[in-house]
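Residue strings, one per chain:
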Amino acid sequence: MRARGFKRGGVPVDHRAPFKTGPIENAFLPMNAIVQLREHRCAVEPIPVVSVGQEVREGQLLARSAGKASSNVHSPIPGIVRRIETTRTSGGFDSKAILVSLEGSFSMLGKRPERYLWKSLNKADISHIVQDKGIVRVSSGEPLYEILSERSDAPGFVMVVSALEMDPYRRTEEELLALRAEDVVDGCAIAARMALPARIMFAVDERIEPATLEPLRELAARSELDIAIQPFRRRFPQDLPGQIAEAMDIADPGTLFIIEPSTLVALHEAVVSNKPHIEQYVYVGGGSIKRPAILKARIGAPIGDLIEECGGFSGHPETIVIGGPFRGRAAADLDAPVTRTTRAVLALSPEETKSAPERPCVRCGDCVDACPEGLSPYRLLKLLRSGRPDDALAAGLGRCSSCGSCSYACRSRIPLVRYFDEARQNEVRR
Ligand code: SF4
Ligand code: SF4
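Residues numbered from 1 in each chain as written. Chains lettered and ligands numbered in written order. Predicted model: local features only at pLDDT ≥ 70, side-chain atom pairs only at ≥ 80, totals over all residues.

Asks: Help me understand the site of ligand 2, please; the structure alone is not making it clear to me.
Replies: Residues in close proximity to ligand 2 total 14 residues, the closest being Cys361, Cys364, Cys367, Tyr378 and Cys410. Contributions of two or more residues to the shell around ligand 2 are made by helix H10 (366-370) and helix H11 (377-385). In the shell around ligand 2, the residues fall into nine nonpolar, two polar and three charged. (Near = placed C-beta within 6 Å. Helix = DSSP H or I, 4+ residues; strand = E, 2+ residues; numbered from the N terminus. Nonpolar A, V, L, I, M, F, W, Y, C, P; charged D, E, K, R; others polar.)

Shown next, in the form of structure tokens:
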């Protein structure tokens, strides 16, 4: 099948980071889980329903949704609630966190999961389960029941199951297509029952392994859904809605609903096995990690434990990034907890960060070629540096998706995206 190409921007990267394929390992259980209640800056904090000193079961509700943009949060381990306090997250915003220390026995771990026949459930029943189990969209942290029900109010959209990645390090979504294809397709059917899309498209990298693609094709053909599988050319970032829409010749990216396989696996586990969102698939890698791997980690586990489990550091890392080199953020320390949106933890070597002192712009135009939004990053920077934020906004700063391609491409090592993010935050405060 012809691979669709992104029309502009992005960075061509031929190699993908070293990676150990095979069954996804369960990470060790954390002795202390720090469960962050807000996943992103705009989320509304759920309300804790436990108190310090209380005993909790694995999967017990810790905090109840406070309404829109808020989701239930459950305990990833059995134990005792030791602290409830407001902390500064790695994303740079404040959130309450509940610290649970491991104690007692597991009610789900090691037990054969229950399997409910979901096809007899109606849309309202499924929506209730998804809300109750605190399932969020892994790429954004938004409550899944909320976005699926909003979608069902505006039919005619295309649901894109995107295994495309932000950067060449991450491969989790494609691995889930390889290892849990049945659950992904079943999760897709559950999402379709709730949201009623007009069409479903699986978006995959053009170099997807045939051993992944063929079984997926068979499952798609056997399902009652109308699923098309569409390869996309490799150019990072690959996962922006605007890029995907443009490559599909769809004029309005708003008519696409993009969901990733890892979210569909969590949705499937909630509806079929009654499991809350207490685990997350995390790619642990980068040049300074001894044995890169994808781990299935409990929410709240410190990222340092995951690194330890991958053999520790193979050299001194220049930086530890949560997310990815393009759009990720530096981890404050190794105690930073895994959340429902942590998709990768990278320990990058000095060669990978290409760190060097920032030099003056040489007007090479590489950042312009790299920008998927068709912006002129060096011009935006010039306007901001000359104290003209309004002119920068008029020149498209508001359209910047913070994808990081311009910074990655810049030969003068100017952290363009950082300046743009700061400028937008200053705008919000004005
Ligand atoms: S960070 Fe913004 S300006 Fe830079 S390439 Fe991405 S969209 Fe363009
Ligand atoms: S890539 Fe860097 S050096 Fe080149 S024009 Fe853009 S900001 Fe200037």
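Next comes the rest of the account.
Asks: In this structure, what is going on with the sheet that holds strand E15 (residues 319-322)? I would like to understand it.
Replies: The strands that make up a sheet pair up through hydrogen bonds in the backbone, lying either parallel or antiparallel. Taken together, six strands build an open sheet; the order of strands is E1-E14-E13-E17-E15-E16 and the sheet is mixed. With partners counted over all chains shown, the strands left at the sheet margins are strand E1 (25-26) and strand E16 (329-330), one partner each. The pairing of E15 with E16 spans two bridges and is antiparallel. Residue pairing across strands places Ile322 opposite Arg329, the latter belonging to E16. (Pairing = 2+ DSSP bridges.)

Asks: Looking at this structure, how should I read the environment of Ser402?
Replies: Locating Ser402 in the fold gives a position in the loop between helix H12 (389-394) and helix H13 (405-409). Through-space distance from the C-alpha of Ser402 to that of Cys371 is 10.0 Å; in sequence the pair is 31 residues apart. Setting aside residues up to four positions removed in sequence, Ser402 forms contacts with Arg327, Val417, Phe420 and Asp421. (Contact = placed C-beta atoms within 7 Å.)

Asks: How should the pairing of strand E11 (residues 227-232) be read in this particular structure?
Replies: With six bridges joining them, strand E10 (residues 199-205) and E11 adopt parallel strand pairing. In the strand pairing of E11, Asp205 is matched with Phe232. In this region the chain leaves E10, passes through helix H5 (residues 210-222) and returns to the parallel neighbour E11; the handedness of that crossover is right-handed. (Right-handed = clockwise from strand over helix to strand, strands pointing away.)

Asks: For this particular structure, what's the right way to read the sheet that holds strand E9 (residues 158-162)?
Replies: Ordered in space as E11-E10-E9-E12, the four strands form an open sheet in which the pairing is parallel. The open sheet terminates on both sides in strands that have one partner only, identified here as E11 and strand E12 (256-259). In this sheet, adjacent strand axes meet at a mean angle of 25° when their direction is disregarded. Bridge analysis of E9 against E10 gives five bridges, and the strand direction is parallel. Paired with Ser162 across the strands is Ala203, a residue of E10. Against the sheet, helix H4 (residues 181-195) makes contact with E9, E10 and E12, and its axis sits at roughly 155° relative to E9, the strand it touches most. (Axes fitted to C-alpha atoms, helices over the stretch in contact; angles between N-to-C directions.)

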